[in-house]
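Notes for the structure review
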Amino acid sequence: MSEWYVLAVDTGHTGALREADHLLRALAVELGLRDDVLGCTHHVRDGRRPHTALSFAVPSERAARAAWSRLTENGSGGSGTRAILGAGAGAGAGAGAGAGAGVIGIEGEGGGGGAGTIPDAGPAPLLGVAFGDERHGPDELAAGAAHAAAEHTARSGGRAVLYPGADALTGVLTVARLLEVSAVEQVAVLGSPEGTDPERQLVTRDHVRPQWSEGRLVLAAMPAAGGTLVPFEVPDPTPCCADH
């Protein structure tokens, strides 16, 4: 497998996972990470409050470096990036100076917009960024980003939202078809350690979120009506402080 370069971002998001998914997708587009990107959310338990960080893996070091530069230079990127990060903070409590609702506040840190800032973009949001051994931002958020990057790099954790073949996982598919058309490498059925029939049907509910586990992208599934399977994660909003 070719080498992947992992960039991670932590805005201190404490809102629902659905909001984190939206932020991850919007940020991938804004940063130009549209092709062959594998984007994940990560549960961060360290720090003052559990929250969600994001990671992006791409096969191009140049693309990853360009995204790092955009996030770390000139007040967290351009106005579009600032608007996405500000809006993607989510709904919740605990905002501090310079942080939007749903973002962990860092005392003494503010976000001033420099010359040329578009008023609608607002002040630069607080965020931590990690790429390789490099860190940027307040210590707590930079540590969260480093945690996400380490999990994704080791493929030991991370809930995949963007991955090859994800758009094809809609409606009802057999397990074999799901494995054929996507980057998912295994379907693990709860209570069935021996595996499952590749011809068994899986009702995707148009919401398939596999997770990295021991180097493999694994979809947790559970039995449903009529002998079918459904993904373990339901598509309804889930608070990020719930285990995922």
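Bear in mind that the values here come from a model prediction, so they are computed numbers and not experimental data.

**Notes on the overall build of the protein chain**
Across its full length, the protein chain holds 5 helices and 12 strands. Considering only contacts within the protein chain whose residues lie at least 6 apart along the sequence, 69% involve residues at least 24 apart. Summed over its atoms, the accessible surface of the protein chain is roughly 11,200 Å², and 50% of this surface lies on carbon and sulfur atoms.

**A closer look at the environment of Arg34**
Examined against the element boundaries, Arg34 turns out to sit in the loop between α1 (17–30) and β2 (38–44). A C-alpha to C-alpha distance of 9.4 Å links Arg34 and Val58, two positions 24 residues apart in sequence. Setting aside its immediate chain neighbours within four residues, Arg34 contacts Ala28 and Val29.

**Some points on the side chain of Thr228**
Among the structural elements, Thr228 can be located in the loop between β11 (216–223) and β12 (229–231). Overall, Thr228 belongs to the buried group, its relative accessible area being 14%. In terms of polar contacts, Thr228 uses its side chain to reach the backbone carbonyl oxygen of Ala225, at 2.8 Å. When residues no more than four places from it in sequence are discounted, the contact partners of Thr228 are Arg200, Gln201, Val203, Met222 and Pro223.

**Here we look at the pairing of strand β8 (residues 186–189)**
Side chains of β8 alternate between two faces, with Val187 and Val189 buried and Gln186 and Ala188 left unburied. Sheet topology places β8 next to β11; 4 bridges connect them, and they run parallel. Bridging across to β11, Val187 finds its partner in Leu219.

**Examining the environment of Leu54**
For Leu54, the location among the structural elements is in strand β3 (residues 51–58). Dropping the residues within four chain positions of it, Leu54 is found in contact with Leu7, Ala8, Val9, Ala20, Leu23, Leu24, Leu27, Cys40, Thr41, His42 and Ala148.

**Notes on helix α2 (residues 61–72)**
Here α2 spans 16 Å end to end across 12 residues, near enough to the 16 Å set by a 1.5 Å rise per residue. For α2, the full list of buried residues reads Ala64, Ala67, Trp68, Leu71 and Thr72. Viewed along the axis of α2, the buried residues span an arc of 120°, placing them on a single side of the element.

**As for the packing of aromatic side chains**
Counted by the stated rule, this structure contains 1 aromatic pair. Their ring planes at 35° and their centres at 6.5 Å tell us that Trp68 and Phe131 sit as a pair that is tilted. Taken together, the positions of Trp68 in helix α2 and Phe131 in strand β4 (residues 128–131) put the pair 63 residues apart, joining distant regions of the chain. Phe131 matches Trp68 in its accessibility class, with the two residues each being buried.

**Things to note about the confidence of the model for the protein chain**
Close inspection of predicted coordinates is inappropriate in any region flagged by low pLDDT. Across the protein chain, the average pLDDT comes to 83, with 76% of residues at or above 70. Contacts for the low-pLDDT stretch residues 90–121, under 50 throughout, to residues beyond four places or in other chains number 68 contacts.

**Overview of the nonpolar core**
Core analysis: the biggest nonpolar cluster contains 29 residues, and Leu38, Tyr163 and Leu178 have the highest contact counts within it. Those elements giving two or more residues to this core turn out to be β1 (5–13), β2, β3, α4 (139–154), α5 (175–181), β8 and β11. Examining the composition of this core, we find that 4 residues originate from one element, α4, more than from any other. Apart from the residues within four sequence positions on either side, Leu38 is in contact with Trp4, Ser55, Phe56, Ala57, His152, Ala160, Leu162, Tyr163 and Trp212.

The rules behind these values
- Residues numbered from 1 in each chain as written.
- Predicted model: local features only at pLDDT ≥ 70, side-chain atom pairs only at ≥ 80, totals over all residues.
- Heavy atoms only, no water.
- Helix = DSSP H or I, 4+ residues; strand = E, 2+ residues; numbered from the N terminus.
- Contact = heavy atoms within 4.5 Å.
- Areas by Shrake-Rupley, 256 points an atom, 1.4 Å probe, with all protein chains shown as cover.
- Buried < 20%, exposed > 50% of the residue type's maximum accessible area, 1.4 Å probe, protein only.
- Polar contact = N/O pair within 3.5 Å; in protein donor to acceptor, adjacent residues only side chain to side chain.
- Pairing = 2+ DSSP bridges.
- Expected span 1.5 Å × (residues − 1).
- Arc of directions from axis to C-beta.
- Phe/Tyr/Trp six-rings, centres within 6.5 Å; stacked < 30°, edge-to-face > 60°.
- pLDDT = per-residue confidence, 0-100.
- Core = buried A, V, L, I, M, F, W, Y, C linked by side-chain atoms within 4.5 Å.

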